[in-house]
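Here's the letter readout for the chains.
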Amino acid sequence: SREISGLTKVYGILADPIHHVKTPQMLNALMAREGRDGVMVPFHVSSEELPRLVDGLKAMKSLGGFVVTVPHKTAIVDLLDEVSDSARRIGACNVVRREEDGRLVGDMLDGKGFVGGLIAAGIDPKGKSVYLAGAGGAANAIAFAFVEAGVARLTIANRTRAKAEDLAQRLAEAFPGAPVDIGTADPEGHDIVANATSLGLKAGDALPLDASRLTSDQIVAEVIMQPEETAILAAAKAKGCRTHPGKPMLVCQLDLMADFLGMRALISHSSGAAS
Ligand code: NDP
């Protein structure tokens, strides 16, 4: 079994509330499995205290980095020393690495995880026509990742149309000529149909799009992990569509996080020497 020593790298997760997070369990299991000397623990912090905590973390030499989740993904951006181009465009970070010199470097992996999960399942969005329901945090990251992956067309549909328009405009600014348009609830004519709204989390939620318009040649993908089969996935299955659940997004993201945080480069120190 693993022991924490004076050489162990420490990782955190920033959230508020924090009791429900599952990332530490999963990344600790990954580090244990791969024999890496690191540990991830909860860093419960309010929005008000976030700047003070992040400033202090720059001084913490044993820190490898941290994961960032609700409600801090947007606010963290301006507190970091460096942010990847794609995280800057999205306006959010969900993972931060601490460099040797104390600089904090952020990236956003939600969208890359979603697209990577599709690719791992043999679904390459390159050159495909994609319908995306939602314009919230997850949808923003996913929309940028789809455009970066070279989709032929991206149609964004959201309850609050102004948010879809804002997202489309930011995509067009970041990628001039990006094939982005605003859609209705009708996903007809797209190769890949993705739900990035929170509709489907709760039993009895309305469907995020008009399932009666789905055709059996479409692939329907989901961001929601629990339940494993949301109402829209069940409706898509009934229509003969191939479905893709929310779990691969998480699996792919954990992998990307472990790489970004340098977990796989950690040295495994044998326990024994006491101090
Ligand atoms: P946000 O609150 O930022 O966005 C919510 C989205 O859902 C908005 O587009 C919103 O529309 C829409 N929505 C919510 N309620 C309704 C409703 N009653 N009718 C129509 N539309 C509605 O949430 P996030 O983007 O952060 O999260 C969305 C989902 O993604 C969550 O279920 C989360 O669990 C999942 N997720 C999964 C991950 C994974 O690894 N699998 C990673 C990250 C998120 P409007 O703009 O009109 O309010």
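Heads up: the structure comes first, above all this text.
Calculation notes
- Residues numbered from 1 in each chain as written.
- Predicted model: local features only at pLDDT ≥ 70, side-chain atom pairs only at ≥ 80, totals over all residues.
- Heavy atoms only, no water.
- Helix = DSSP H or I, 4+ residues; strand = E, 2+ residues; numbered from the N terminus.
- Rg over C-alpha atoms; globule rule 2.2 N^0.38 Å.
- Contact = heavy atoms within 4.5 Å.
- Areas by Shrake-Rupley, 256 points an atom, 1.4 Å probe, with all protein chains shown as cover.
- Lys, Arg positive; Asp, Glu negative; His and termini not counted.
- Charge placed at Lys NZ, Arg CZ, Asp CG, Glu CD.
- Buried < 20%, exposed > 50% of the residue type's maximum accessible area, 1.4 Å probe, protein only.
- Pairing = 2+ DSSP bridges.
- Right-handed = clockwise from strand over helix to strand, strands pointing away.
- 1 Å grid on protein atoms, 1.4 Å probe; cavity = no way out; pocket = protein on both sides within 12 Å on 5 of 7 lines; lining within 4 Å.
- Points joined across faces, edges and corners; volume = space filled by probe spheres on them.
- Nonpolar A, V, L, I, M, F, W, Y, C, P; charged D, E, K, R; others polar.
- Domains from an automatic or database assignment.
- Near = heavy atom within 4 Å.
- Polar contact = N/O pair within 3.5 Å; in protein donor to acceptor, adjacent residues only side chain to side chain.
- Sits in = over half its atoms within 2 Å of the grid points.

So, on to the overall build of the protein. When you go through the protein residue by residue, the secondary structure sums to eight helices and twelve strands. Here the C-alpha radius of gyration of the protein, 20 Å, is about what a compact globule of 275 residues would show, namely 19 Å. Its C-alpha atoms put the protein at 65 × 40 × 35 Å along the principal axes. Across the protein, the fraction of contacts at a sequence separation of at least 24, relative to all contacts at a separation of at least 6, is 69%. As displayed, the protein offers around 13,100 Å² of accessible surface, 53% of which is attributable to carbon and sulfur atoms. Seen as two clouds, the 29 positive and the 33 negative side-chain charges of the protein have centres 2 Å apart.

A few words on the pairing of strand β1 (residues 9-15). Within a regular strand, the side chains alternate between the two sheet faces. Judged by how many residues are buried, β1 sits mostly within the fold: six of seven residues are covered. Here β1 pairs with strand β2 (residues 38-44) via seven bridges, running parallel. Note on β2: the bridge partner recorded for I13 is P42. At this point the chain moves from β1, through helix α1 (residues 23-33), to the parallel β2, and the crossover so formed is right-handed. Where β1 meets strand β3 (residues 63-68), five bridges bridge the pair, whose relative direction is parallel. In the strand pairing of β3, V10 is matched with L63.

Turning next to empty space enclosed by the protein. This model, assessed by the stated rule, comprises one cavity of 30 Å³ or more. What lines the largest cavity is S86, I90, M108, G111, K112, A141, F144, A145 and E148. Where the lining of the largest cavity is concerned, the elements lending two or more residues are α3 (85-90), α4 (110-120) and α5 (137-148). Considering every element that reaches the lining of the largest cavity, the biggest residue donor is α5, with four residues. Grouping the constituent residues of the lining of the largest cavity by class yields five nonpolar, two polar and two charged. In this structure, the lining of the largest cavity is formed jointly by two domains, domain 1 (9-108 + 251-265) and domain 2 (111-244), each of which donates at least three residues.

To continue, consider the site of the ligand. Taken together, 21 residues form the shell around the ligand, and within it A138, N158, T160, K163 and V223 come nearest. The separation between an oxygen atom of the ligand and a polar side-chain atom of K163 is 2.7 Å. Relative to its free-state accessible area of 920 Å², the ligand is covered by the protein chains to the extent of 71%. A majority-of-atoms criterion places the ligand in the largest pocket.

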